[in-house]
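Residue-level structural notes
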Amino acid sequence: MRLRLWLLDVVSEQETAEPLLWLWCKDENGATWVVKQRYVPSFYLVGDLKGAEPTLESENLRWEHCERRIRGRPVEAIRVYVESGDSEKVAERLAKRAGGRTGVYEEDIRPAVKYFLETGVKPCSWIEVEGEHVGDGEGVSFFEAEAVDALEPSPPPKLSVAAVDFLFFSEKGSAKPERDPIRLISVCFNDGEKLQFEGGEAEIITSFSEAVRRRDPDVIVGFGLNRVQWSYFEERSRRIGVKPLVGRLEAEPRTSLHGHVSIRGRLNIDLDDMAREIPELTVETLEEFIEYLGIEMPIDIIGEYELADKWAKDEETVKRYSMQRAEAILRAYEAVKDFIFSLSELTSMPADYVLTASAGFRVENYLMALAVKVGELIPKRTEIPHISYPGGLVKAPSPGIHENVAVLDFRSMYPSLMIKYNISFDTLSDEGENIAPNGYRFRSSPEGFLPHALKTLLEERRKIQEKLRQVPPDSVEARVLDARQRAVKTIANAIYGYTGWVGARWYTREVAEATTAWGREVISSTIKKAEELGMRVVYSDTDSLFLKDHEGKLGELIRWIEGDLGLEAKIDRIFKRVIFTEAKKRYAGITEEGAVEVVGLETVRGDWSEIAREAQRNALEALLRTGDPKKALEKAREYARMVKRGAVDLKKLVIWRQITRPLSEYAATQPHIVVAKIMIDEGWKIQPGDKVGYIVVKGPGPLHARVKPYFKVMRDEVDWNYYLEKQLAPACGRVLEAVGVNPELILETAGEPTLMEFLE
DNA sequence: TTTAGGCATTCAGAATGAGTCTT
DNA sequence: AAGACTCATTCTGAATGCCT
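Computed from a prediction, not measured in an experiment: that's the story for all the values here. (Residues numbered from 1 in each chain as written. Chains lettered and ligands numbered in written order. Predicted model: local features only at pLDDT ≥ 70, side-chain atom pairs only at ≥ 80, totals over all residues. Heavy atoms only, no water.)

**A short note on the packing of helix α11 (residues 359-374) against helix α14 (residues 476-499)**
Packing of α11 against α14 brings their axes to within 9 Å, and their N-to-C directions diverge by 100 degrees. Put simply, α11 runs roughly perpendicular to α14. Listed contacts from α14 to G360, R362, V363, E364, Y366 and L367 of α11 are I491, A494, I495 and Y498. A breakdown of the residues in the contact of α11 with α14 according to their chemical character gives 7 nonpolar, 1 polar and 2 charged. (Axes fitted to C-alpha atoms, helices over the stretch in contact; angles between N-to-C directions. Helix = DSSP H or I, 4+ residues; strand = E, 2+ residues; numbered from the N terminus. Parallel < 35°, antiparallel > 145°, perpendicular 65-115°, else oblique. Contact = heavy atoms within 4.5 Å. Nonpolar A, V, L, I, M, F, W, Y, C, P; charged D, E, K, R; others polar.)

Pasting the structure below:
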C-alpha cells in the first residue's frame, strides 16, 4: 500500500542488528505513523585504493568503486557500506591498515543526518511511502517501507500542539532541582483546552505526563525548555521516583549532545532558542518576544526574583500568570511555525533541532545536501587558527543635518559578486581568469559549487515570490510561502560569512577575502560615479550610499550599476532629513511620511539605560521633525530635570549586559560581572548567554563597586548624578554637538529654565 | 556547535608626569 | 640633591553590541 505522510523527524533505532531508521510521520487525518526503513550508512575512501581493497575483503564489507569530487577535482573513490557497527570505528580501522595514504570522507556524519542528505527526503515535508502496515500500538501505526519518495511541497497537516509553562522558584536566587519543587505546570492546547497541574509534586508530574500521553500532542512548545525546564523536570522526577513519560511509546525526554532535548515522536520546540537569535530583542524574555511578533495580549509581568513572594501572598495571580505564559507561547508558536518548518525543510535539519543550531550549521547542512547531490565529498572540520581579513568599506559621514538624502542599496551584494565572478572553493585557481582586486583568481567555468548554491537559492526565492503574488495575501499558503522565502534568504545571505568561518567544513578564506575585495571595489567605484554625476555622497557603508543632490540623477546611476557593474541596486528610502555625528555606523533620519529611523545610536542599544535611550530618541525626533536644534536641546533639558529630581521609574535605570563567558575568564573587573558574582553568591544560576541587569548606586570607589542587581535597589540609593552625567548627557550631547549646540548646555541650565530660554 | 569584519563607546588599570616630601 | 611617594592625567586594552 501507499501512504502520503508528513515527516516530523528521523531517528536511528536499534531493534535488531539491522541498521534501521524510524521515520516519525503524520497523515492528513492526524494519525501518527512510524515508518520503519532499512538504511545502510556508507563512507568513502580516496587515495591509495589498491592498498585498501584487501582490507575491505578481509573485513567482509560491501563496497563499490565510484567517481566523486573533492573541491571540484574529480577523484576515484570507494564507497564502503557499514551494515553493522559504527562507521567511524570501521573507517578508522581501515585507514590505519591502509597506512595513511588513504583519505576517509563522510564517516563522521550520523546515519539519521546522512539519510536526509542522500535520499533527498526532507523533514517537515510530505513524502510518499510504499510498503506494508504492520501493526498498531499506543496511538501509533507501524509501517514497513520498501520505498520512500519526496513529494512536492504543500502546507503541513493540522498538528496538535501543547504549549507548556513550568513554574518553579526559590525563596532566594534561582530554583535548584535539588531543593525546590515544581509548583505548577500550565498547558494550553491548540484546540483551546487549558490544563493546570498543581498540588503535590508527584501528582503534578504524573498527571501532567498522563495528560500529555492522553492528548498525545505532535508538538510541545515552550520558552526555556532546552536550557532549563526539561532537565529540571527530569531531575525532580528522578528525585521523587516518578517516570516522566512524556514521549511517544512511553519515552522519557532525552538530553542530546548540544543543549537540545529530544522527546520521542514529538517536536520539542523551544522559542527561547529563537528569541536569542533575534537581534532586535534586548533582554530576550517571552514578553519581549511576543511584543516583537506583534501579538497583543495582556500578560502580567512577574520577575523570577519575586515569584516566591507573590506565590506566598497571592497564589491565584501567579497561576494566572503561568497560564498567560502558556497562552502567549502558543500564540507565538502559531506566528513562527511556518518559518521553523520552512527552515527545517530547506536545511534538512529536523524542526526541533534547526532552532538550536546556529546560522553556520544551518548553511552547512544545506550545503552538505547539495554536495551529495552533485557528487562533492563532504570534508571534515579541521582545527585551524583564525586569521582575520579586510571586510566592507565604510566612508566617514559628513557630520550635521542633511536634507533630502536618498539611500541607495546594492541588492544582495556579496551573493551577487560570488555568482558574477564564480567565487568558490572549487574554482579557486592560479589560472583563473577572474582576478580579484586582492589577487586571488577564480575560473569562470564550470560553475562553482557556491555560485550554484546561491543561484539555486535565489531562483527558489524568485519562484516563491512569484507564487506569493498569485495567492490571497492573508491565506495559509501566503503565510507558508512568505516564511519560506525568508528562510531561503537567510541561508543565501549567510553563505559568504560561512566561507570565512574557521569552523566551517568548507572554510576558504580566499573566497571570503576575494568577495569583500570585489565589494570594496564596487562601492568605491560607485561613489566615484555618483560624484561624477554631480551628487554628494554623505555616507557609505559596505553596500549602501547616502546621496544628496540626487534629483533626476538616480536613474542614470542605477543604470550604470546594472550596465557597467552587472549588479542590481535600488533606492531603499529617501530621508527628508538625516543627522550624522562624526561617527560611522550611527545616524538618524526621518522620511517624508514622518517615520523616524535611528541606527547605531544609544537609542537602539540594549546596553544603555532606558532613560538615556528615551531622552535621545525624543531629542532626535524633535530635531528631525523641526530641523531646529533648540527643540532638541529643550527635550534634553526636560529629561535632565527629571533625572536631577529623581523623577524616573527605576526600571528605566536598568543597564543590561550579557555574560559572554565563564566568569573566571574575565580579565577586567566590570560592573555586570561584579553584579553577576553578587547574584551567584545569593544563589542565582548565571551562565554564558544570560543577561544581567544592574543599577548604579551612590558610594565611593570605581563604578564596579557602585552597582547592584536592579531588583535590589531602593529609590534613595540611586546615583542620579551618574545617570545625568554618564548616560543622559553623552547620549543627548552627541546629537546636539553634531548640530552645533554646546552639549554642556544640557546640564548647566537643567535646574531652572532661564528667562531667555523661557522667552524663546 | 560562534556566518564575516568594521566600528564606537565605556571603563579599568597601567603608564606617565608633576609636585611634594623624606632622607 | 636624589629618591620615594601622591595624585591627576593620559594612554591602552578588554569588553560589548551595534551596522552592513
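**Section: the sheet that holds strand β21 (residues 536-541)**
The strand order across the open sheet built from 7 strands is β17-β21-β22-β18-β23-β24-β25, with neighbouring strands paired in antiparallel fashion. Sheet topology places β17 (394-395) and β25 (596-599) at the edges, where each strand pairs with a single neighbour. The sheet contact formed by strand β18 (residues 400-410) and strand β22 (residues 544-548) spans 4 bridges and is antiparallel. Across the sheet, D409 pairs through a bridge with S544, a residue of β22. Across the sheet, helix α17 (residues 610-626) lies against β18, β23 (569-580), β24 (587-591) and β25, angled at about 100 degrees from β23, the strand it touches most. (Pairing = 2+ DSSP bridges.)

**Examining the sheet that holds strand β5 (residues 62-70)**
The 4 strands lie next to each other as β5-β6-β4-β7, forming an open sheet whose pairing is antiparallel. At either margin of the open sheet sits one strand with a lone partner, and together these are β5 and β7 (102-105). Averaged over all adjacent pairs, the angle separating strand axes in this sheet is 35 degrees, with direction ignored. Here β5 runs beside strand β6 (residues 73-81); their pairing, made up of 9 bridges, is antiparallel.

**Points about helix α20 (residues 720-738)**
Over its 19 residues, α20 extends 26 Å from the first C-alpha to the last, a length consistent with the 27 Å expected when each residue adds 1.5 Å. Of all bends in α20, the biggest is about 45 degrees, found at A729, and the proline P730 comes one to four residues later. Count one or two residues on from α20 and you reach G740, which has phi positive near 80 degrees. (Expected span 1.5 Å × (residues − 1). Bend = angle between axes of the 7 residues up to and from the residue.)

**As for the pattern of salt bridges**
This structure, assessed with the given rule, holds 65 salt bridges. E364 is paired through a salt bridge with R381; the nearest N and O atoms lie 2.7 Å apart. One end of the pair, E364, is in helix α11; the other, R381, is in the loop between α11 and β17, with 17 residues separating them in the sequence. Owing to a relative accessible area of 36%, R381 belongs among the partly exposed residues under this scheme. Between E610 and R613 there is a salt bridge, with its nearest N and O atoms 3.9 Å apart. Of this pair, E610 and R613 both sit in helix α17, 3 residues apart, which is roughly one turn of the helix. When its relative accessible area of 16% is taken as the criterion, R613 is described as buried. (Salt bridge = Lys/Arg side-chain N within 4 Å of Asp/Glu carboxyl O. Buried < 20%, exposed > 50% of the residue type's maximum accessible area, 1.4 Å probe, protein only.)

**Description of the domain arrangement of chain A**
Domain boundaries assigned for chain A yield domain 1 (2-150), domain 2 (161-347), domain 3 (381-591) and domain 4 (596-748). Taking only C-alpha atoms, the centre of domain 2 and the centre of domain 3 are 40 Å apart. Listed per partner, the contact involves 8 residues of domain 2 and 10 residues of domain 3. Of the roughly 760 Å² buried between domain 2 and domain 3 on both sides combined, carbon and sulfur atoms contribute 63%. (Domains from an automatic or database assignment. Buried area = accessible area lost by both parts, 1.4 Å probe.)

**Some words on the environment of S475**
Structurally, S475 is set in the loop between α13 (449-470) and α14. The spacing of S475 and G392 is 83 residues in sequence and 40 Å in space, taken between C-alpha atoms.

**Brief notes about the protein's contact with DNA strand C**
Around DNA strand C there are 20 residues in total, and D543, G600, T660, Y666 and A667 lie nearest to it. Across the atoms of DNA strand C situated within 4 Å of the protein, the share located in sugar and phosphate is 91%. Here K585 contributes a side-chain N or O atom positioned 3.1 Å from a base oxygen of DNA strand C. Q670 is positioned such that a nitrogen or oxygen atom in its side chain is 3.1 Å from a sugar or linking oxygen of DNA strand C. In terms of residue class, the surface near DNA strand C is made up of 6 nonpolar, 7 polar and 7 charged. (Near = heavy atom within 4 Å. Polar contact = N/O pair within 3.5 Å; in protein donor to acceptor, adjacent residues only side chain to side chain.)

**Observations regarding the environment of A31**
Within the secondary structure, A31 sits in the loop between β2 (20-27) and β3 (32-38). A31 gets classed as partly exposed once you look at its relative accessible area, which sits at 29%. With 110 residues separating them in the primary sequence, A31 and S141 have C-alpha atoms 7.9 Å apart.

**Some remarks on the packing of aromatic side chains**
Inspection of every chain in the model, using the stated rule, returns 35 aromatic pairs. Directly above the ring of W126 sits R4, whose terminal nitrogen or CZ lies 4.0 Å from the centroid. (Phe/Tyr/Trp six-rings, centres within 6.5 Å; stacked < 30°, edge-to-face > 60°. Lys NZ or Arg CZ within 6 Å of the ring centre and 35° of its normal.)

**A word on the side chain of S609**
Mapped onto the fold, S609 is located in the loop between β25 and α17. S609 has contacts with K652, L653, V654, I655, Y723 and Q727, leaving out every residue within four places of it along the chain.

**Describing helix α12 (residues 413-420)**
If you check which residues of α12 are buried, you get M413, Y414, P415, L417 and M418. Taken together, the buried residues of α12 touch β18, α13, α14 and α15 (509-532). At the C-terminal side of α12, N422 shows a positive phi close to 55 degrees.

**Points about the confidence of the model for chain A**
With 98% of its residues at a pLDDT of 70 or more, chain A shows a mean pLDDT of 93. Ignoring residues within four places in sequence, the model shows residues 753-760, a span with pLDDT below 50, making 7 contacts including any to other chains. (pLDDT = per-residue confidence, 0-100.)

**Examining unusual backbone geometry**
A negative phi angle is the norm for most residues apart from glycine, just as the trans form is the norm for most peptide bonds. Of note, the amide linkage connecting S445 to P446 takes the cis form, showing an omega dihedral of -5 degrees. Its place among the elements puts P446 in the loop between β20 (441-442) and α13. Of note in the backbone geometry, K585 takes a positive phi value of approximately 60 degrees without being a glycine. Checked against the element boundaries, K585 lands in the loop between β23 and β24. On the accessibility criterion, K585 (44% relative accessible area) is partly exposed.

**Things to note about the nonpolar core**
Formed by 112 residues in total, the largest nonpolar core has its most connected members in F289, L367 and F410. Of the residues forming this core, the biggest block, 13 residues, is contributed by helix α9 (residues 315-347). Other than its neighbours up to four places away in sequence, F289 contacts F223, L271, M274, A275, I278, L281, A332 and V336. V596, L623, V643 and W684 belong to the second largest nonpolar core, which has 52 residues in total. (Core = buried A, V, L, I, M, F, W, Y, C linked by side-chain atoms within 4.5 Å.)

**Side note on the state of the cysteines**
For the structure shown, the criterion picks out 0 disulfides. Free cysteine C25: the closest other cysteine sulfur is in C124, separated by 11 Å. By relative accessible area, which is 0% here, C25 ends up buried. (Disulfide = S-S within 2.5 Å.)

**Describing the environment of R97**
Mapped onto the fold, R97 is located in helix α2 (residues 87-98). Along the backbone, R97 and T55 are 42 residues apart, and their C-alpha atoms lie at a distance of 7.2 Å. With near-sequence residues (within four places) excluded, R97 lies in contact with T55, S58 and E59.

**Thoughts on the packing of α15 against helix α16 (residues 554-565)**
As a packed pair, α15 and α16 sit with axes 11 Å apart at the nearest point and diverge in direction by 135 degrees. On the basis of their axis angle, the class for α15 and α16 is oblique. In the packing of α15 onto α16, the handedness of the crossing is right-handed. Seen from α15, the contacting residues are V522, S525, T526, K529 and A530; seen from α16, they are L557, W560, I561 and L565. Within the contact of α15 with α16, the residues separate by chemical class into 6 nonpolar, 2 polar and 1 charged. (Left-handed = near helix turned anticlockwise from the far one by under 90°.)

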